[in-house]
Amino acid sequence: MIGRRGGSRVGVLALQGDVREHVAVLASLGADVSLVRTPAQLADVDGLVLPGGESSVIDKLARLFDLREPIVARIRDGMPVYGTCAGMIMLADRILDGLPTQLPFGGLDIDVRRNAFGSQVDSFEAELDVPVLGSAPVHATFIRAPAVERVGEGVEVLARAGGRVVAVEQGVLLATAFHPEVDGEVRFHRRFLDRVAGPRP
Ligand code: GLN
C-alpha cells in the first residue's frame, strides 16, 4: 500500500539508534514514514517511534537539536508514541541507573532500570506471551535491555520475561524493552499505527 495509512504520517526519531529497522517495518505496514531530526519535522508527524540505541546519547542529541521540549509537549498533548529499548527508557517518567544528567522525555508512568539484565546476559532471545497481540508468541531480542520496576496506575503490563515487566502500554504510549523491529515482528508497530489512525483509547 502506498500513501498515508488513514491519512496519517508517522516519524522515527532519527538522532541515533536502529532507525532504519523501524522505518522498514512501518513502511511494510503501509505507513507514510519520515525521519524526525528537527522541530519542523516533528510538527509534521502524527505519531513517533523512539528507536533502540543508547538513551543517554538520544537525550543529549535531542537537547542539542532543540527537540526535547517539542517532543515532551507533543507527548503531553496526546501524540501516540512507541519506544523500543532505549526508546522505552526515554518514555519513562523515571530512569533508574541513568547517567547523572540524563533525562527522559517521560509520559509513561513507570520507573525503568537501564541494563537491568546485567552484563552477564547483555543479549538474549525469548519467546514471550503477549495476550493483547493474540496467541502466537512474540520472539523477542533483548540487547542490554531495560526492565520496568514500577508500574503506575493506568499502565497496562503487556508482557514479562523472567518475571520482569518488559512491555507496557498507557493510553497511546507503548513501550517494549526488546526489539521487535529486528525480528520481523510487526504486531507492536501495527498497534502503534492503529493508535495513530484510529480512535484514541
Ligand atoms: N542500554 C541502552 C540504554 O541505556 C539501551 C539498549 C538498547 O536500546 N538496545 O539506552
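Residues numbered from 1 in each chain as written. Predicted model: local features only at pLDDT ≥ 70, side-chain atom pairs only at ≥ 80, totals over all residues. Heavy atoms only, no water.

What about the nonpolar core?
Our working definition: Nonpolar cores are built from buried Ala, Val, Leu, Ile, Met, Phe, Trp, Tyr and Cys residues. Side-chain atoms within 4.5 Å join them into one set. Each residue is placed in one exposure class: buried if its accessible area under a 1.4 Å probe, protein chains only, is under 20% of its type's maximum, exposed if it is over 50%, and partly exposed if it falls in between. Counting from the N terminus, the helices are DSSP H or I runs at least four residues long and the strands are E runs at least two residues long. Here, two residues are considered to be in contact whenever any of their heavy atoms come within 4.5 Å of each other.
L13, L128 and F142 are the most contacted members of the largest nonpolar core, which totals 66 residues. Among the elements that line this core, the one with the most residues is helix α5 (residues 86-91), at five residues. In this structure, F142 is in contact with F117, D122, S123, F124, A126, L128, A161, V166, A177 and F178, ignoring residues within four places of it in sequence.

Here we look at helix α1 (residues 19-28)
Heads up, the condition is: Picture the helix axis, draw a direction to every C-beta atom, and the arc is the one those directions span.
For α1, every residue scored as buried is listed here: V19, H22, V25 and L26. Projection of α1 onto a plane perpendicular to its axis shows the buried side chains occupying an angular sector of 135°, all on one side. Seen from the open side of α1, the exposed residues pointing more than 90 degrees away from its buried face are R20 and S28. Tucked into the core, α1 has its buried residues touching β1 (9-13), β2 (32-36), β3 (47-50), β4 (81-84) and α6 (187-197). Looking one or two residues past α1, G30 carries a phi angle of roughly 90°, positive in sign.

Describing the packing of aromatic side chains
Put simply, the test is: For Phe, Tyr and Trp, where Trp contributes only its six-membered ring, two rings pair if their centres lie within 6.5 Å, and the inter-plane angle classes them as stacked under 30 degrees, edge-to-face over 60, or tilted in between. Only when the NZ of Lys or the CZ of Arg is both within 6 Å of the ring centre and within 35 degrees of the ring normal is a charge said to sit over the ring.
According to the stated counting rule, one finds six aromatic pairs in the structure shown. On the numbers, 4.5 Å between centres and 5° between planes, the contact of F124 with F142 is stacked. Of this pair, F124 sits in strand β7 (residues 123-128) while F142 sits in strand β8 (residues 138-143), placing them 18 residues apart in sequence. F124 sits in the partly exposed class, given a relative accessible area of 23%. Taking relative accessible area as the criterion, F142 reaches 0% and is therefore assigned buried. Joined through ring pairs, the aromatic side chains of Y82, F117, F124, F142, F178 and F188 make up one cluster. Over the ring of F117 we find R164; its NZ or CZ atom is 5.3 Å from the centre of that ring.

A closer look at the site of the ligand
Put simply, the rule reads: Here a residue counts as near a molecule or strand whenever at least one of its heavy atoms sits within 4 Å of it. By the criterion applied in these results, polar contacts are pairs of N or O atoms within 3.5 Å in which, for protein atoms, one can donate a hydrogen and the other can accept it, and in which residues neighboring in sequence qualify only through two side-chain atoms. Note on areas: these come from Shrake-Rupley sampling with a 1.4 Å probe, and a residue is covered only by the protein chains present in the view. Throughout, the ten residues Ala, Val, Leu, Ile, Met, Phe, Trp, Tyr, Cys and Pro are labelled nonpolar, Asp, Glu, Lys and Arg are labelled charged, and all others, Gly among them, are labelled polar.
G52, G53, E54, S55, C85, A86, I89, R114, N115, I143, R144 and H179 make up every residue found near the ligand. In this structure, a nitrogen atom belonging to the ligand sits 2.7 Å away from a side-chain N or O atom of N115. Between R144 and the ligand, the recorded distance is 3.0 Å, taken from a backbone N or O atom to a nitrogen atom. Its free accessible area being 300 Å², the ligand has 95% of it covered by the protein chains. For the shell around the ligand, the class distribution of residues is four nonpolar, five polar and three charged.

Some thoughts on the pattern of salt bridges
The condition is simple: Any Lys or Arg side-chain nitrogen found within 4 Å of a carboxyl oxygen on Asp or Glu counts as a salt bridge.
Evaluation of the coordinates by the stated rule reveals 15 salt bridges. D111 is the salt-bridge partner of R94, the closest N and O atoms lying 2.8 Å from each other. Linking R94 in strand β5 (residues 92-96) with D111 in strand β6 (residues 108-113), this pair joins segments that are 17 residues apart in sequence. You can call R94 partly exposed: its relative accessible area is 46%. For D111, a relative accessible area of 5% puts it in the buried group. Overlapping salt bridges bring together R94, D109, D111 and R150 as one network.

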